[in-house]
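Read off the chains here:
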Amino acid sequence: MRIVDLIRKKRDGLEHTVEELSFLVKGITDGSIPDYQLSAWCMAVYFQGMSPREAKELALQMASSGDQMDLSPINGVKIDKHSTGGVGDKTSLVVAPLVAAAGIPVCKMSGRGLGHTGGTVDKLESIPGFQTEMPISQLFQQVSKVGIGMVGQTGNLVPADKQLYALRDVTGTVESIPLIASSIMSKKLAGGADGFVLDVKVGNGAFLKTLDEAKELAELMVAIGKSAGRGTVAVLSNMEQPLGRAIGNSLEVKEAIATLRGEGPQDLEELSLVLGSQMLLLAGAAEDEETAKEKLKTIISSGKGLHCFERWIETQGGNPAITEKPELLPLAPVIHKVRSNFQGYVAGWDAEALGLTAMRIGAGRERKGQPIDHGVGLVIHKKIGERVEFGEEIAEVYARSEEAAVYAGKEVLSVIKISDLPPKQSPLIWGYII
């Protein structure tokens, strides 16, 4: 079998066999397929696509290209949650302790942020002392003890995907739905959970800008998960504006804590309850979505969710006092208030631009491995549909210098849309793929 034949076959819009995809993944993993040929194959897939069967088989093959997690030492049904990425998305920090407090163990490997989207590991590392690396055996012991553990992606999990993604990133072939689905699901399958809840973001602040694209990706990922024998559901959620109000690592941790107290932004709490309830349903811990939501609301109001968060933080070396003293979190010294030079109703935000602004003042990274500043970011005070008056404060910038703060403030003013009348608002949840 030769890679050039696979390139020609995909170039002509034909389907690969299981044996061909196995040959491809083996060649990616051991390096026997040169980058220039693998690049040509990626471009052929970008233009010709893949069938659901091919995408599923590619995900399975990549999942088995390295180590695979065995979560059986942890009692109970293990449900993983994944987001396709958005601006201000700190739901994992809320959902994980809520679900763990409901008796569903959460053992999760999370990623770092890149570009305009944030990463859960970066947010956790803004907590003083928090350790995002530990031996797998220690992680399992922690989850068995406190019900929750979250670390960075480590070890030799899915090496084929790491190689393939790095190449796609520099060849203009990232935006291929079957390759995105195979990449995400290969990591999920190798992670060993019994089921997955997938938060597929759609809108200007998401990777996928249209609902049709999001549905296509969600349907494909759900099909891959189910074909591998794992319960899988996708939630299509709105990313036309930042989720919550905070953008930036320690600012988002602070907002997650407020949400666990029942004092957070309405959209963040609502999405957290939706995702958490789907996790409970997959685990068999509730009969229907409404019952699951009520269970999670009770966990918030009773303080059990916040207590679980504190135990989790302390067990992984962090300072649990941040829940009572958020000033212990690192925050940049320059706080610049952004005031409106207009009046009307907020008709929209360019969420991606806001994410990029936060990245440029240090909250994110443009390339992998780049250091970030956990204490900088933005807080948006006005959401879509809210009224704004002349001179009213619409945002705050947390920065290391006055120059950076003023720059970010101008960027915020340039990406808000104002209308004379209240705008028609899109739903937070577009639907489910089950």
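Look above for the structure.
Conventions we followed
Residues numbered from 1 in each chain as written. Predicted model: local features only at pLDDT ≥ 70, side-chain atom pairs only at ≥ 80, totals over all residues. Heavy atoms only, no water. Core = buried A, V, L, I, M, F, W, Y, C linked by side-chain atoms within 4.5 Å. Buried < 20%, exposed > 50% of the residue type's maximum accessible area, 1.4 Å probe, protein only. Contact = heavy atoms within 4.5 Å. 1 Å grid on protein atoms, 1.4 Å probe; cavity = no way out; pocket = protein on both sides within 12 Å on 5 of 7 lines; lining within 4 Å. Points joined across faces, edges and corners; volume = space filled by probe spheres on them. Helix = DSSP H or I, 4+ residues; strand = E, 2+ residues; numbered from the N terminus. Nonpolar A, V, L, I, M, F, W, Y, C, P; charged D, E, K, R; others polar. Pairing = 2+ DSSP bridges. Axes fitted to C-alpha atoms, helices over the stretch in contact; angles between N-to-C directions. Parallel < 35°, antiparallel > 145°, perpendicular 65-115°, else oblique. Left-handed = near helix turned anticlockwise from the far one by under 90°. Salt bridge = Lys/Arg side-chain N within 4 Å of Asp/Glu carboxyl O. Phe/Tyr/Trp six-rings, centres within 6.5 Å; stacked < 30°, edge-to-face > 60°. Expected span 1.5 Å × (residues − 1). Patch = residues over 30% accessible without salt bridge, like charges linked within 9 Å, V, L, I, M, F, W, Y side chains within 5 Å. Areas by Shrake-Rupley, 256 points an atom, 1.4 Å probe, with all protein chains shown as cover.

Engineer: Sorry if this is basic, but what is going on with the nonpolar core here?
Structural biologist: Burial of nonpolar side chains together is a common tendency in soluble globular proteins. Within the largest apolar cluster, 81 residues are counted, with the highest numbers of intra-cluster contacts made by Ile 127, Trp 312, Trp 349, Leu 378 and Ile 394. Apart from the residues within four sequence positions on either side, Ile 127 is in contact with Val 253, Phe 309, Ile 313, Gly 318, Asn 319, Ile 322 and Leu 329. Formed by 57 residues, the second largest nonpolar core is a distinct cluster that contains Ile 3, Ala 63, Met 69 and Ala 214.

Engineer: Explanation requested: empty space enclosed by the protein in the structure shown.
Structural biologist: Rolled over the atoms, a probe sized like a water molecule indicates the empty space that remains. Scanning the model with the defined rule gives two cavities of 30 Å³ or more in all. Taken as a whole, the largest cavity spans an internal volume of roughly 170 Å³. Contributing to the lining of the largest cavity are 23 residues, with His 116, Thr 117, Gly 118, Ala 363 and Gly 364 lying nearest its centre. Those elements that provide at least two residues to the lining of the largest cavity are α6 (120–124), α11 (249–260) and α15 (351–363). At four residues, α15 tops the list of elements feeding residues into the lining of the largest cavity. A class-by-class count of the residues in the lining of the largest cavity yields seven nonpolar, twelve polar and four charged.

Engineer: Just checking my understanding: could you explain the sheet that holds strand β12 (residues 416–419) for this structure?
Structural biologist: In a beta sheet, neighbouring strands are held together by backbone hydrogen bonds and run either parallel or antiparallel to one another. Taken in spatial order, the three strands make up an open sheet running β10-β8-β12, and their pairing is antiparallel. The open sheet terminates on both sides in strands that have one partner only, identified here as β10 (387–388) and β12. Of the pairings in the sheet, the one linking strand β8 (residues 344–349) to β12 comprises four bridges and is antiparallel in character. In the strand pairing of β12, Val 346 is matched with Ile 418.

Engineer: Looking at this structure, I do not really get the packing of helix α5 (residues 91–101) against helix α12 (residues 266–282). What am I missing?
Structural biologist: What describes two packed helices is the angle between their axes and the distance between those same axes. Packing of α5 against α12 brings their axes to within 9 Å, and their N-to-C directions diverge by 45°. Regarding the angle of α5 to α12, the classification is oblique. For the crossing formed where α5 meets α12, the hand is right-handed. Residue-level contacts link Thr 91, Val 94, Val 95 and Val 99 of α5 to Leu 268, Leu 271, Ser 272, Leu 275, Gly 276, Met 279 and Leu 280 of α12. Here the contact of α5 with α12 is composed, by residue class, of eight nonpolar, three polar and no charged.

Engineer: Looking at this structure, how should I read the pattern of salt bridges?
Structural biologist: A side chain with one charge can pair with a side chain of the opposite charge if their charged atoms come near. Within this structure, the stated rule accounts for 26 salt bridges. Measuring nitrogen to oxygen at the nearest pair gives 3.7 Å for the salt bridge that ties Lys 201 to Asp 89. Here Lys 201 is found in strand β4 (residues 195–202), whereas its partner Asp 89 is found in the loop between β1 (79–83) and α5, with 112 residues between them in sequence. Summarising the burial analysis for this pair, Lys 201 and Asp 89 share the class buried. In this structure, Glu 252 and Lys 123 form a salt bridge, with 2.9 Å as the shortest nitrogen-oxygen distance. Of this pair, Glu 252 sits in helix α11 while Lys 123 sits in helix α6, placing them 129 residues apart in sequence. When sorted by exposure, Glu 252 lands in the same class as Lys 123, which is buried. When salt bridges with common partners are traced through the structure, they connect Arg 2, Asp 5 and Arg 8 into a single cluster.

Engineer: How do you make sense of the sheet that holds strand β13 (residues 429–433) when you look at a structure like this?
Structural biologist: Read from one edge to the other, the open sheet built from four strands follows the order β1-β4-β5-β13, with strand pairing classed as mixed. Two strands close off the open sheet at either side, each with one partner strand: β1 and β13. The sheet shows a mean angle of 15° between the axes of neighbouring strands, direction not considered.

Engineer: What is the right way to read the packing of aromatic side chains from this model?
Structural biologist: Any pair of aromatic rings gets described here by the distance separating the centres and the angle formed by the planes. A complete count under the given rule lists three aromatic pairs for this structure. The interplanar angle of 90° and the centroid separation of 5.2 Å between the aromatic rings of Tyr 46 and Phe 47 together place this pair among those described as edge-to-face. The interplanar angle of 90° and the centroid separation of 5.8 Å between the aromatic rings of Phe 309 and Trp 312 together place this pair among those described as edge-to-face. Separated by three residues within a single helix, Phe 309 and Trp 312 lie in helix α14 (residues 304–315), roughly one turn from each other. Of the two residues, Phe 309 and Trp 312, both sit in the buried class. Ring pairing ties together the aromatic residues Phe 130, Phe 309 and Trp 312, which thus form one cluster.

Engineer: Hey, could you run me through α11 in this one?
Structural biologist: Taking 1.5 Å of rise per residue, twelve residues should cover 16 Å, and α11 covers 17 Å from first to last C-alpha, within 8% of that figure. Of all twelve residues that make up α11, ten are buried, and the element is covered over most of its length. Every buried residue belonging to α11 is among Asn 249, Ser 250, Leu 251, Glu 252, Val 253, Glu 255, Ala 256, Ile 257, Thr 259 and Leu 260, and all of these are buried. Of the residues trailing α11, Gly 262 is marked for its positive phi of about 85°.

Engineer: So what exactly am I meant to see when it comes to the layout of surface pockets here?
Structural biologist: When its volume is computed, the second largest pocket comes out at roughly 420 Å³. Along its surface, the second largest pocket is lined by 19 residues, and Asn 238, Gln 241, Ile 384, Gln 425 and Ser 426 are the ones closest to its centre. Looking at the lining of the second largest pocket element by element, the count peaks at three residues for α12. Split by residue class, the lining of the second largest pocket holds seven nonpolar, five polar and seven charged.

Engineer: Just to check I follow, could you spell out the environment of Gly 364 for this structure?
Structural biologist: Among the secondary structure elements, Gly 364 is positioned in the loop between α15 and β9 (377–380). Separated by 134 residues in sequence, Gly 364 and Arg 230 place their C-alpha atoms 33 Å apart. Excluding anything up to four places from it in sequence, Gly 364 contacts Ala 358, Met 359 and Ile 372.

Engineer: For this particular structure, what's the right way to read a nonpolar patch on the surface?
Structural biologist: Together, Met 43, Tyr 46 and Phe 47 give the surface a local cluster of nonpolar side chains, amounting to about 310 Å² of exposed area. What makes Phe 47 exposed here is its relative accessible area of 65%.

Engineer: Mind showing me how you'd approach the environment of Lys 325 here?
Structural biologist: One can find Lys 325 in the loop between α14 and β7 (334–339). Each C-alpha atom, one on Lys 325 and one on Lys 254, is 9.7 Å from the other, the two residues being 71 residues apart in sequence.

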